[in-house]
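Single-letter residue listing:
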Amino acid sequence: GSLNIGSRPAKRKPKGGIESLRAIPWTFAWAQTRAHLSAWLGVSAGLQYQDEAELNELRAMYKQWPWFRENVDLIAMILSKSDFSIQKNYDEQLV
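Residues numbered from 1 in each chain as written. Predicted model: local features only at pLDDT ≥ 70, side-chain atom pairs only at ≥ 80, totals over all residues. Heavy atoms only, no water.

**Focus on the layout of surface pockets**
Selection criterion: Only protein atoms enter the 1 Å grid, on which a cavity is a set of points fitting a 1.4 Å probe that cannot get out and a pocket is an open set with protein on both sides within 12 Å along at least 5 of 7 lines, lining residues being those with an atom within 4 Å of a point. Grid points are joined across faces, edges and corners, and a volume is the space filled by probe spheres set on the points. A run of H or I in DSSP becomes a helix once it reaches four residues, and a run of E becomes a strand once it reaches two; helices and strands are each numbered from the N terminus. Residues are grouped as follows: nonpolar covers Ala, Val, Leu, Ile, Met, Phe, Trp, Tyr, Cys and Pro; charged covers Asp, Glu, Lys and Arg; every other residue, Gly included, is treated as polar.
Reported here for the second largest pocket is a volume of approximately 160 Å³. Put simply, the parts of the chain that give the lining of the second largest pocket at least two residues each are helix 3 (43-46) and helix 5 (66-81). Ranked by the residues each element gives to the lining of the second largest pocket, the list is headed by helix 5, at five residues. For the lining of the second largest pocket, a count of residues per class yields six nonpolar, two polar and no charged.

**Section: the environment of Arg-69**
How we decide: When a residue's accessible area, from a 1.4 Å probe over protein chains only, is under 20% of the maximum for its type it is buried; when over 50% it is exposed; and in between it is partly exposed. For this analysis, residues touch if any pair of their heavy atoms sits within 4.5 Å.
Looking at where Arg-69 falls in the secondary structure, it is placed in helix 5. Residue classification places Arg-69 among the partly exposed residues on the basis of a relative accessible area of 27%. The spacing of Arg-69 and Leu-58 is 11 residues in sequence and 9.9 Å in space, taken between C-alpha atoms. In contact with Arg-69, other than residues within four places in its own chain, are Tyr-62, Lys-63 and Gln-64.

**A closer look at the side chain of Ser-82**
Along the polypeptide, Ser-82 turns up in the loop between helix 5 and helix 6 (84-94). Excluding its chain neighbours within four sequence positions, the residues that come into contact with Ser-82 are Arg-34, Ala-35, His-36, Trp-40 and Gln-87.

**A word on the environment of Asp-83**
To keep things clear, this is the line we draw: Throughout this description, a polar contact denotes any pair of N or O atoms lying within 3.5 Å of each other; where both atoms belong to protein, one of them has to be capable of donating a hydrogen while the other can accept it, and for residues adjacent in sequence the pair is counted only when both atoms sit in side chains.
Position of Asp-83 relative to the elements: it lies in the loop between helix 5 and helix 6. Remark: the alpha-carbon pair of Asp-83 and Arg-34, spanning 49 residues in sequence, is separated by 5.8 Å. Of note is the side chain of Asp-83, whose polar atom sits 2.5 Å from the side chain of Ser-85.

**Remarks on the packing of helix 4 (residues 52-64) against helix 5**
Applicable threshold: All axes here are fitted lines through C-alpha atoms, helices being fitted over the stretch that makes contact, and every angle between N-to-C directions spans 0 to 180 degrees. Each angle gets one of four labels, with under 35 degrees taken as roughly parallel, over 145 as roughly antiparallel, 65 to 115 as roughly perpendicular, and the rest as oblique.
In contact at an axis separation of 5 Å, helix 4 and helix 5 are set at 100° when each is read in the N-to-C sense. By the criterion of interaxial angle, the relationship of helix 4 to helix 5 is roughly perpendicular. Residue-level inspection shows Leu-58, Met-61, Tyr-62, Lys-63 and Gln-64 of helix 4 in contact with helix 5, the latter providing Pro-66, Phe-68, Arg-69, Val-72 and Asp-73. Residues that form the contact of helix 4 with helix 5 fall into these classes: six nonpolar, one polar and three charged.

**With respect to helix 4**
Here is the rule we go by: The length a helix should cover is 1.5 Å for every residue beyond the first. Think of the arc as the fan of directions from the helix axis to the C-beta atoms.
If you check helix 4, its first and last C-alpha atoms are 18 Å apart, about what 13 residues at 1.5 Å a residue would give, namely 18 Å. Buried residues of helix 4: Leu-55, Leu-58 and Met-61, and no others. Each buried residue of helix 4 sits inside an arc of 120° when the element is viewed along its axis, so together they form one side. Residues of helix 4 that are exposed and point over 90 degrees away from its buried face: Glu-52, Ala-53, Glu-57, Lys-63 and Gln-64. Buried residues in helix 4 make contact with helix 5. Measuring from the side-chain oxygen of the N-cap residue of helix 4 to the backbone nitrogen of Ala-53 gives 3.2 Å; that N-cap residue is Asp-51.

As C-alpha cells, then:
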C-alpha cells in the first residue's frame, strides 16, 4: 500500500491540478525535491509593476526597507537553490 503521511488527502479535488494541492504534507516534499514552492509561489504577482514609477518605487523600497530587501534576497536565494527541471518532471508525472 501507500504511506499515509497526512491526516487529509493530498489534494482538495482528486482530479485537480497544482492549485488543489494541500500544503501538508507537500511542503516537506517540495523542500526535499528542491522545489521550495511554498516559499516563492505568488511572489512575482506581488512584485509586478505597470510603469517606470512603480519600478522606481520597488527599487526605493529595496534600498530603504531592510525587511523588504531581506525578503527579496531570501526569495532570490531560494530560487537559486530550486531545480526547475525536477519540478517540471514532477508536474508531468504526478499532477
